[in-house]
Amino acid sequence: MKTISLYSIKGGVGKTTTCVNLAYLASLKYRTLLIDLDPQSAASFYLRIQSSKSYNDQKLLKGHKKISPHIKATDFENLDLLPSDISYRNLDIKLDELKKSDRKLRSLLEDFSSEYDCIFLDCPPNLTLLSENIFNASDQILVPIIPTTLSIRTFHQVSSFFKENQIKKKKLKPYFSMVEIRKKLHRDSIISFTKSFPKTLHVQIPASAEIEKMGIHQCPVFNYISKSSLIAQRYRDLLEKIETKSHKSF
Amino acid sequence: MLIPQDFPSFESSSTRTLSPINFHLAENNSPSDLLQFLRNKFTSKKIETRQSTFHRWDTFDWRLNKNNLLLFQSKNKLCLLSKEATPPYPSPPPMFLKSCLKGATNKHLIKDPNLQNLIASHLSNRSLLDQVQYNQQSSLHSIFNKDMKTVAFMLYHRIYCESKYTEEKPSLSWVQLFPFRGYTEALNKIKIYFSPLLKSELKNPFDWAQLFLPISLRKNLNYNNRLRLHLDSNLDADQALIKIFNQCTKTIHLNTEGIVADLDVEFLHDYRVATRRVRSGISFAKKLFDRDALESAKTDMRMLGNATNKLRDIDVYLQREIKIKKSLPPEMSDALNPFFCELRKERILEQRKLKNFLKSNVYYEIIDRWELFLKENEFPDNPITNKISEKVGSIANKQILKALSKLMTEGYKINRDSPDEMLHELRIHGKKLRYLMEFYSSLYLENQVESFINNLKTLQKCLGKFNDRSMQQLKLNEYIKKLCIDKESIPLATAMGILIGNLQMDKVTLKCEFFTHFENFCSKNNLLNAKALFDYQPNS
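Residues numbered from 1 in each chain as written. Chains lettered and ligands numbered in written order. Predicted model: local features only at pLDDT ≥ 70, side-chain atom pairs only at ≥ 80, totals over all residues. Heavy atoms only, no water.

Moving on to the pairing of strand 2 (residues 32-36) of chain A. All names here are of chain A. Along strand 2, 5 of the 5 residues are buried, which leaves the element largely enclosed by surrounding structure. Residues Thr32, Leu34 and Asp36 of strand 2 are buried on one face, and the alternating residues Leu33 and Ile35, pointing to the opposite face, are buried as well. In terms of strand pairing, strand 2 meets strand 4 (residues 79-82) through 4 bridges, oriented parallel. Directly across from Leu34, in strand 4, lies its bridge partner Leu81. Inspection of the sheet shows strand 2 paired to strand 5 (residues 118-122) by 5 bridges, in the parallel sense. Within strand 5, the position partnered with Leu34 by the bridge is Phe120. (Buried < 20%, exposed > 50% of the residue type's maximum accessible area, 1.4 Å probe, protein only. Helix = DSSP H or I, 4+ residues; strand = E, 2+ residues; numbered from the N terminus. Pairing = 2+ DSSP bridges.)

And the structure:
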């Protein structure tokens, strides 16, 4: 089982859209679980799923037995979702009360290894104890970067955090998101960042009204765009890069 | 289970849906009838529709069914389901074997040896028949909650059922609800909304397959050629016999179609048993009905028996083919093939002859005459004035005792040197006694009469086997006489010689067994039983 997280300190960089679309693509080949860790519940919204009234952050931390009844099948074969809940906003506090508080998520996810081939984590935009849990639990951490100064700056902040906390930096997989290639700033930023961080995934997800429409259609972008479109191709490329970086399939 | 597999989206590996719950719908309701019950809480959308046809194979007397097995055929695939298999909807089924039936009605044409052995162990010498054809129309519907999220699939099936034996085409509707993971609460609500139209929960394929059971040639699942009569001991003896005759006549009719269509040798066997029962009954009815009418009926029934004799002998022979071949040295078993080939050809001719007879005017006249006799005597316009007015309770004992005495007297005459004919004659006497026991069994205590009949059956079985061997020897001798002995026919002639020898040895063994069985039949216990039942006196 491989765990892939979509993470950035910055909001609005395309984490959730990428997470939903990649999870959908992965589900065509693998048994896939998407875990929505963001209390905004955007990934859950995209898949038309609401958490049960009885579900909350405490259930999440109690592990497989308590989590399993709250996992919901999406409308897509092989793709399940553990929806987010507003109580997740207190997750850091709850985690802090536990032993080995930075590795709790990892141990929780291990229990799903017989059920799923891959798990996608849609993460909230911050750098907290939950983020540390996500870093430790993930095999790869995809960081969407809009090719602009602020977005790149946040990546460097994460990178420094990894260094300071001795987290394996090679897990970090930045890629460019919401790219508007006609903008000179975007083009230049891509070139300079790639030079300074050669492990950047060479996939650029374009800024697109079609992706924004996921909020209207409430489904992965593949459900309403042409399979041969540029967007579809770029997401497929991104998944392929992740698979390649995993050295073997999930 | 065949049905969900017809929809590729319902493979067992699906992570979306959990095991379905299945419901039989009341009054053949349509999907829209059901879906309107969702009110405004849920919405639905039809995803696809599909038509399929599959067949259910079983023996005419539903032997697989009785052993909790269902054999389905869909195109060139066979699917054998076991009721005991867990989970009840096996996925994949316990055996899903790609074997071609090629439209054949013979179990030997099932190619897969595992399936063949499993089925054969339940079939004995019965043939597999395409009992029921199911024409299925299915539609798959998504059911959405208010967020337009699919919470369940509803698979609606309407099955029309056809059987070559009947004009009726019953149908039934059933639904399968496939809950999505995490939406069991929604499913419970849907179930409540649907409940006015849900008839019963179908827990496994047997539940719905059983709903179609009644449409077969032999309509009763528990078909048994035993007479099932309840006679009141105060009933007039003539009326009791009419009741018995009516039952036998029903059996004659029930089996005629199966003989004509040559579905299974059992139809002829049961037909013959019924006619023999009538003949036997006639012989006990001398003083109860008009003598001339009885004589005419006796002649007619004899004619029915004679018309079927040859075919039955061949059937018995062919049923023993495998055993007979196994009784020869292995290298010789194929040598008999020309003989059995000849028998099969002869069987075709005899079956055709019998079929023509059963469809002839002569036959219809016999049956009409017989049925007129029954009708006239059931509700006589002019009751016979000189007939004895005995009650069946008292006449039964007398007739049984007479037949029992005859059997014992003739049995004691037989010794190791007695000719075959004597054993054959004794078998006829035994049959008469057996039929009487069956006619009147309801007048006696069930346990006691069963035990007496079982002892008689054992004796009869031995005599029956002896008679079969005699007939087979006779047939072989006839065939050998016609055989032109040349180089090519030497293996056949040798095999037949060995076979005649084997049959002779069988007969010697059976004769020895006969004495044991006869001794048991005449044992103190059995006769005490007879005394208690029929007031048997050793000297009577």
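Turning next to the nonpolar core. Counting residues in hydrophobic clusters, the biggest one holds 78 residues, and the most contacted among them are Leu433(B), Tyr440(B), Phe514(B) and Phe521(B). The biggest single contributor to this core is helix 7 (residues 237-260) of chain B, with 10 residues. Residues from two domains meet in this core; each of domain 2 (224-385) and domain 3 (391-540) of chain B gives at least three. Residue contacts for Tyr440(B): discarding those within four places in its chain leaves Leu231(B), Leu241(B), Ile244(B), Val392(B), Ile395(B), Ala396(B), Gln399(B) and Ile400(B). Among the nonpolar cores identified, the runner-up in size contains 65 residues, and Cys19(A), Cys219(A), Ala152(B) and Leu155(B) belong to it. (Core = buried A, V, L, I, M, F, W, Y, C linked by side-chain atoms within 4.5 Å. Domains from an automatic or database assignment. Contact = heavy atoms within 4.5 Å.)

Moving on, we come to the layout of surface pockets. In this structure, the second largest pocket encloses a volume near 780 Å³. In terms of lining, the second largest pocket is formed by 23 residues, of which the most central are Lys72(A), Asn145(B), Tyr183(B), Glu185(B) and Lys189(B). At 5 residues, the largest contribution of residues to the lining of the second largest pocket is made by helix 5 (residues 184-194) of chain B. When its residues are assigned to classes, the lining of the second largest pocket shows 7 nonpolar, 8 polar and 8 charged. (1 Å grid on protein atoms, 1.4 Å probe; cavity = no way out; pocket = protein on both sides within 12 Å on 5 of 7 lines; lining within 4 Å. Points joined across faces, edges and corners; volume = space filled by probe spheres on them. Nonpolar A, V, L, I, M, F, W, Y, C, P; charged D, E, K, R; others polar.)

Moving on to the interface of chain B and chain A. If you look at the interface, chain B gives 13 residues, while chain A gives 19 residues. When the two sides are added together, the surface that chain B and chain A hide from each other amounts to roughly 1300 Å², 36% of it contributed by carbon and sulfur. Where chain B meets chain A, there are 3 salt bridges. With its nearest N and O atoms 2.9 Å apart, the salt bridge here joins Asp75(A) to Lys149(B). The tally of links between chain B and chain A comes to 11 residue pairs in polar contact (both at pLDDT 80 or more). (Buried area = accessible area lost by both parts, 1.4 Å probe. Salt bridge = Lys/Arg side-chain N within 4 Å of Asp/Glu carboxyl O. Polar contact = N/O pair within 3.5 Å; in protein donor to acceptor, adjacent residues only side chain to side chain.)

Bringing the side chain of Gln136(B) into the picture now. Mapping Gln136(B) onto the fold places it in strand 6 (residues 129-144). Only 3.5 Å separates the side chain of Gln136(B) from the side chain of Ser138(B), close enough to count as a polar contact.

Residue and element names in this part refer to chain A. One open sheet holds the 8 strands; their spatial order is 3-4-2-5-1-6-7-8, and the pairing between them is mixed. Of all the strands in the sheet, the pair left with one neighbour each is strand 3 (72-73) and strand 8 (204-206). Together, strand 1 (2-6), strand 2, strand 4, strand 5, strand 6 (140-145) and strand 7 (172-179) form the strand contacts of helix 1 (residues 15-27), whose direction differs from that of strand 5 by roughly 165°. Along the sheet, helix 9 (residues 184-196) makes contact with strand 6, strand 7 and strand 8, crossing strand 7 at roughly 170°. (Axes fitted to C-alpha atoms, helices over the stretch in contact; angles between N-to-C directions.)

The next subject is helix 12 (residues 230-245) of chain A. Residues and elements named next belong to chain A. Taking 1.5 Å as the rise per residue, helix 12 with 16 residues should run 22 Å; its terminal C-alpha atoms sit 22 Å apart, in good agreement. Of the positions making up helix 12, those classed as buried are Ile231, Ala232, Tyr235, Leu238, Leu239, Ile242 and Glu243. For helix 12, the angular spread of the buried residues around the axis is 140°, confining them to a single face. Away from its buried face by more than 90 degrees, helix 12 exposes Glu240 and Thr244. (Expected span 1.5 Å × (residues − 1). Arc of directions from axis to C-beta.)

Inspection of every chain in the model, using the stated rule, returns 27 salt bridges over all chains. Between Arg344(B) and Glu321(B) there is a salt bridge whose closest N-O contact spans 2.9 Å. Of this pair, Arg344(B) sits in helix 11 (residues 337-358) while Glu321(B) sits in helix 10 (residues 321-326), placing them 23 residues apart in sequence. On the basis of relative accessible area, Arg344(B) is assigned to the partly exposed category, the value being 39%. The salt bridge involving Lys406(B) is made with Glu410(B); its shortest N-O contact spans 3.7 Å. Pair noted here: Lys406(B) and Glu410(B) are both in helix 13 (residues 392-413), with a separation of 4 residues, about one helical turn. Among the charged side chains, a network of salt bridges with common partners joins Asp80(A), Glu115(A) and Arg181(B).

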